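If you want the building blocks of each chain, they are given just below.
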Number of protein chains: 2
Amino acid sequence: MSDNDELLSIRAAELYYEENQTQDEIGVILRLTRWKVGRLLASAKANGFIRIEIVHPRARRLPIERRLRESTGLTDAIVVSSAGVSSDSELQSRTAQAAADYLTSLRPIPRTLGISWGRTLHDVSLHLKQGWAPGVNVVQINGGVSLNQRTGTAASTAVTIAHKADGSATLLPSPAIFERLETKQAMEADRTVAGVLALARNAQAYVFSAGQADANSALVDSGYLSVAQINDLVARGAVGDVVGRYIDQNGRIVDPELNERTVGIQIDQLRRAPLTIAVISGPSKHAIARAVVRNGLCTVLVTDEDTANALLHD
Amino acid sequence: MSDNDELLSIRAAELYYEENQTQDEIGVILRLTRWKVGRLLASAKANGFIRIEIVHPRARRLPIERRLRESTGLTDAIVVSSAGVSSDSELQSRTAQAAADYLTSLRPIPRTLGISWGRTLHDVSLHLKQGWAPGVNVVQINGGVSLNQRTGTAASTAVTIAHKADGSATLLPSPAIFERLETKQAMEADRTVAGVLALARNAQAYVFSAGQADANSALVDSGYLSVAQINDLVARGAVGDVVGRYIDQNGRIVDPELNERTVGIQIDQLRRAPLTIAVISGPSKHAIARAVVRNGLCTVLVTDEDTANALLHD
DNA sequence: GGCTGATCTGCTCATATGAGCAATGATACC
DNA sequence: GGTATCATTGCTCATATGAGCAGATCAGCC
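In this text the structure is predicted, and so the values were computed from the model without any measurement.

Novice: What's the story with the confidence of the model for chain A in this structure? I'm lost.
Specialist: Regions with low pLDDT should not have their predicted coordinates read in detail. The predicted model of chain A has a mean per-residue pLDDT of 92, with 97% of residues at 70 or higher. The element-level mean pLDDT for chain A is lowest in helix α10 (residues 218–221) of chain A, coming to 82, with strand β11 (residues 300–304) of chain A highest at 98.

Spelled out as structure tokens, the structure:
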């Protein structure tokens, strides 16, 4: 298009989008036929000069969702808009809300729902509406009795989700990681614990988040791992954790010995499950989100626009 | 509107604006009639959830221009969009371009055009196209032979504008400010200089910019004033300068003695002129822009979106 | 429970717009 | 210079959309 036409298309766009004039009226002003005006507007759009944003906490980015589905083989992708977000926590909240919406609209409604725990899942539980589902058995899929603080975050997340669905919660009364393998094995041998783990393995759907591998990890906060241990994991290629287990960019367990001492379902069980919903957002989680999606650890991803774009521009 | 309708309006907007579905198709998807969809979209717009931006260096903000005209009594306002600008200088460049466009489209074409000098006016001169007007006599309206560097910026601006209009330039061969009043009076007594000043006073139109009152002022750069002098002026209420003369927020000369030693047309001559075009942009110039507009020193303002909004939110 | 005013819904109809097409004008190539 | 090719223009026609209106529905009130 000629330089002059480009300028005209901008003048036309101003009158059309900002002044709500009809193409006919614009034609009179710019001394053009209305068809020319229509074509100028179309070219302004095609050239990307017209940017339309939906500014709302619940806004999603459907085109990005579609491209994500197509390029990754996910059965579903939920991408929340980051237009107008001012803080990281606002983005987290939007993503959690979207995850809650997605769970609420799930059909068929899963009878048993396996969940992990953490800041994100807790947020999701808060955003669910009372009566979001007519009875769901919520099962904790990884250990999570916090060692030093806020004991019961994990439990309360599960209980809240179950309670709001008028269902029941099955908790996994165990730390996330044991210091000694023998203790962990003894724990798992317990009938009650074994029963919970069996239930977790047979859940119809899973919802989980993921943590980045750095000093801010929830597993460091909770006292399961030291900063030095995290640094070692990172040095060995860890990009983050899923259900308490650290993986590298190829989705492989970074430290098999540590993995053995970790309580909960295995990564491979997630990989084989027919419906696994990963809720991952925030700039620090691009790497782990990539690892989760590229290695088939989830079938549905709920994330934010920037993380989704990072996945697309690989 | 109900909370649920608000959410529906966002879903509808996603399908309409991002997926280019018709309201009919959206109705099928959301199980609504197409009229309901139309109303939801209208309410999404009315609630400000739909933001449409024209992202282009030449884009203007017509609604802001209109509000500016209405609230200030300016005969014309040109407001360039700041959507997508990454640097201050890009904003300056956009504004200069808009000023050049405005000059080019001026009707009737002024026979004599009085101009000030400075970074902004120089930019304007560069953005004008060869042949932008069929012969214009460009007159310098304030002194501006730089004392220490880039001698001739002022002159070259005038010459460029005149040359590109296939016209002539009349330069004011004088410093901006004299140290002694007597020297200035002697200078003005000179027949040539007096003639230029008379021509300047009778110009049909003026184009000028304004400087902020701080250490970055062009008058400091050029060596006419020291930082200490500027600080003194600021302490006495100066918000910036117009044609080399410092004014306060009420448009009054801050230092009459300094003003007497300054060469060029008086502020009052600008105030009385029928067509005075002020080109002022950038975050540091909000105060001086306000002083210029509120006190009737210009009839036309060319500025950027943020400055315009600052003027509107008084 | 029944009335009243206000809001909401589904519709008709006029208008705005985009798709497609023939005629025209420009451009490149022999 | 003539012609083939392509882009551009002005148009017709089908479709999408918004304004306006009558009937339905709802909330508040006695």
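Having seen the model, we can carry on.
Novice: Help me understand the protein's contact with DNA strand D in this model?
Specialist: As a structural note, the neighbourhood of DNA strand D is formed by A:T33, A:W35, A:K36, A:R39, B:Y16, B:T22, B:Q23, B:R34 and B:R39. Close to the protein, within 4 Å, the atoms of DNA strand D belong to sugar or phosphate groups at a rate of 47%. Take A:R39: an N or O atom from its side chain is 2.5 Å from a base oxygen of DNA strand D. Where the surface near DNA strand D is concerned, the elements lending two or more residues are α3 (34–46) of chain A together with α3 (34–46) of chain B.

Novice: Explain the relation of the copies chain B and chain A here, please?
Specialist: The operation relating the two chain copies consists of a rotation about an axis and a shift along that axis. Under the fitted operation, chain B is carried onto chain A by 0.0 Å of movement along the axis and a turn of 180°, and the coordinates agree to an RMSD of 0.0 Å. Both copies are brought into coincidence by an operation consistent with a two-fold rotation axis. Taking C-alpha positions as reference, the residue of chain B nearest the rotation axis is B:I52, located at 2.3 Å. With an isologous cut-off of 70% or more, the 100% of interface residues of chain B that recur at the interface of chain A puts this contact in the isologous class.

Novice: Teacher, can you tell me more about the interface of chain B and chain A here?
Specialist: The extent of an interface is frequently quoted as the accessible surface area lost upon association of the parts. Across the contact, 26 residues belong to chain B and 26 residues belong to chain A. Summed over both sides, the interface between chain B and chain A buries roughly 2800 Å², with carbon and sulfur atoms accounting for 53% of that surface. Linking chain B to chain A there are six salt bridges. The salt bridge involving B:R51 is made with A:E53; its shortest N-O contact spans 2.9 Å. Contributing elements (two or more residues each) for the side of chain B that touches chain A: α1 (3–18), β1 (50–54) and α4 (62–72) of chain B. Among the elements that take part in the side of chain B that touches chain A, α1(B) stands out by supplying nine residues, more than any other.

Novice: Quick question: what am I supposed to make of the pattern of salt bridges here?
Specialist: Any two side chains of opposite charge can pair, given that their charged atoms come close. A full pass over the atoms with the stated rule returns 38 salt bridges over all chains. Notably, a salt bridge pairs A:R271 with A:D268, separated by 2.6 Å at the nearest N-O pair. Of this pair, A:R271 and A:D268 both sit in helix α13 (residues 267–272), three residues apart, roughly one helical turn. Using a relative accessible area of 33% as the deciding quantity, one classes A:R271 as partly exposed. Overlapping salt bridges, with partners in common, bring together A:E18, B:R61 and B:E305 in one network.

Definitions and cut-offs
Residues numbered from 1 in each chain as written. Chains lettered and ligands numbered in written order. Predicted model: local features only at pLDDT ≥ 70, side-chain atom pairs only at ≥ 80, totals over all residues. Heavy atoms only, no water. pLDDT = per-residue confidence, 0-100. Helix = DSSP H or I, 4+ residues; strand = E, 2+ residues; numbered from the N terminus. Near = heavy atom within 4 Å. Polar contact = N/O pair within 3.5 Å; in protein donor to acceptor, adjacent residues only side chain to side chain. Least-squares fit on C-alpha atoms with pLDDT ≥ 70 in both. Contact = heavy atoms within 4.5 Å. Buried area = accessible area lost by both parts, 1.4 Å probe. Salt bridge = Lys/Arg side-chain N within 4 Å of Asp/Glu carboxyl O. Buried < 20%, exposed > 50% of the residue type's maximum accessible area, 1.4 Å probe, protein only.

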